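Residue strings, one per chain:
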Amino acid sequence: ETGVTQTPRHLVMGMTNKKSLKCEQHLGHNAMYWYKQSAKKPLELMFVYNFKEQTENNSVPSRFSPECPNSSHLFLHLHTLQPEDSALYLCASSLTVNTEAFFGQGTRLTVV
Amino acid sequence: GQNIDQPTEMTATEGAIVQINCTYQTSGFNGLFWYQQHAGEAPTFLSYNVLDGLEEKGRFSSFLSRSKGYSYLLLKELQMKDSASYLCAVEDNYGQNFVFGPGTRLSVLP
């Protein structure tokens with residue numbers, strides 16, 4: 001138990017659906033991250049929020065839309081996804097952007 | 001560009017010592033992390049190096065040479081539960097971007 005909670009743990013959605021992934025931490029961390037892990041590929045950083053401000057967007061398609069309403073919560077809104085978006089989506093948080101990150105258990109997403 | 005290399009797979013025997021190497025070429029450097037990831041689970045933090053030298057933490061040690069763009073993770077007294085993927089990650093000098101290596105899948109055999 002790392003203190004970073006992600007819901008749902010599993011999600012199956014159609015290409016026309018809209019869904020959201022949720023991440024929550026009460027560790028007092030100020031930086032939060034979304035990562036994508038596809039099979040047989042390195043972990044990919046998607047978005048970084050520092051003190052609720054988005055500071056990094058690694059060329060992520062607009063069908064992924066992050067939201068950080070406060071320093072404890074992070075969302076990833078999904079719409080019109082493609083089958084190749086099926087992956088494990090990991091949320092992480094850290095006290096600041098250059099300290100160790102704690103990961104959630106991830107949401108395994110399947111797009112059909 | 002950014003590039004991190006690790007061996008894809010390694011095998012070792014229970015009770016032995018194994019060294020997992022990581023080489024990197026990144027636009028900047030603000031520290032190197034090692035993570036352990038068991039199949040189907042999230043990565044867990046193992047170590048952080050920002051200065052050259054060896055950092056020891058129990059059975060695990062991590063070494064860094066910034067001039068060579070090289071790090072290794074040393075695992076001693078291997079246990080079956082150490083079977084996992086080990087990820088090397090570099091933080092660039094902007095402090096906000098992490099580049100992860102492909103991971104090394106370690107199998108510990110009895």
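The structure this text deals with has already been given above.
Since the structure is predicted, the reported quantities are computational estimates derived from the model, not experimental observations.

Draft legend 1. View of the overall build of chain A. Regarding its fold elements, chain A presents zero helices and eleven strands. Along the chain direction, N to C, the helices and strands of chain A fall in the order β-β-β-β-β-β-β-β-β-β-β. Scaling as 2.2 N^0.38, a compact globule of 112 residues should have a C-alpha radius of gyration of about 13 Å, and chain A matches this with 13 Å. Taken along the three principal axes of its C-alpha coordinates, chain A extends 35 × 25 × 25 Å.

Draft legend 2. Structural context of the sheet that holds strand β6 (residues 53-57) of chain B. Residue and element names in this part refer to chain B. Reading across the sheet, the five strands line up as β1-β3-β8-β7-β6 and stay open at both edges, with antiparallel pairing between neighbours. Of all the strands in the sheet, the pair left with one neighbour each is β1 (3-5) and β6. The average angle at which neighbouring strand axes cross in this sheet is 15 degrees, direction not considered. Relative to strand β8 (residues 70-75), strand β7 (residues 60-65) runs antiparallel, the two being bridged by six bridges. Opposite L64, over in β8, you have S71 as the bridge partner.

Draft legend 3. Local environment of the packing of aromatic side chains. Across all of its chains, the model carries 14 aromatic pairs over all chains by this definition. With a centroid separation of 5.4 Å and 85 degrees between ring planes, the pair formed by Y35 of chain A and F100 of chain B is classed as edge-to-face. With one member in each of two chains, Y35 of chain A in strand β4 (residues 31-37) and F100 of chain B in strand β10 (residues 98-100) form a pair that bridges those chains. When sorted by exposure, Y35 of chain A lands in the same class as F100 of chain B, which is buried. Taking 5.2 Å as the distance between ring centres and 15 degrees as the angle between the ring planes, the aromatic pair formed by Y24 of chain B and F29 of chain B counts as stacked. With a relative accessible area of 8%, Y24 of chain B lands in the buried category. Within the aromatic cluster, the residues linked to one another by ring pairs are Y33, Y35 and F103 of chain A together with F33, Y35, F45, Y48 and F100 of chain B.

Draft legend 4. Highlighting the state of the cysteines. Within the structure shown, the criterion is met by two disulfides over all chains. Note on cysteine connectivity: C23 of chain A is disulfide-linked to C91 of chain A, with sulfurs 1.9 Å apart. Its S-S torsion of about -70 degrees marks the bond between C23 of chain A and C91 of chain A as left-handed, since a negative value means left-handed. With a gap of 68 residues between them, C23 of chain A in strand β3 (residues 18-25) and C91 of chain A in strand β9 (residues 87-94) connect regions that are remote in the sequence. Residues C23 of chain A and C91 of chain A agree in their burial class; the two are buried. Covalent S-S linkage joins C22 of chain B and C88 of chain B, the inter-sulfur distance amounting to 2.0 Å. On the sign convention where negative is left-handed, the bridge of C22 of chain B and C88 of chain B, at about -65 degrees about the S-S bond, is left-handed. Pair noted here: C22 of chain B is in strand β3 (residues 18-25) and C88 of chain B is in strand β9 (residues 84-91), with a separation of 66 residues, a long-range link.

About the cut-offs
- Residues numbered from 1 in each chain as written.
- Chains lettered and ligands numbered in written order.
- Predicted model: local features only at pLDDT ≥ 70, side-chain atom pairs only at ≥ 80, totals over all residues.
- Heavy atoms only, no water.
- Helix = DSSP H or I, 4+ residues; strand = E, 2+ residues; numbered from the N terminus.
- Rg over C-alpha atoms; globule rule 2.2 N^0.38 Å.
- Pairing = 2+ DSSP bridges.
- Axes fitted to C-alpha atoms, helices over the stretch in contact; angles between N-to-C directions.
- Phe/Tyr/Trp six-rings, centres within 6.5 Å; stacked < 30°, edge-to-face > 60°.
- Buried < 20%, exposed > 50% of the residue type's maximum accessible area, 1.4 Å probe, protein only.
- Disulfide = S-S within 2.5 Å.

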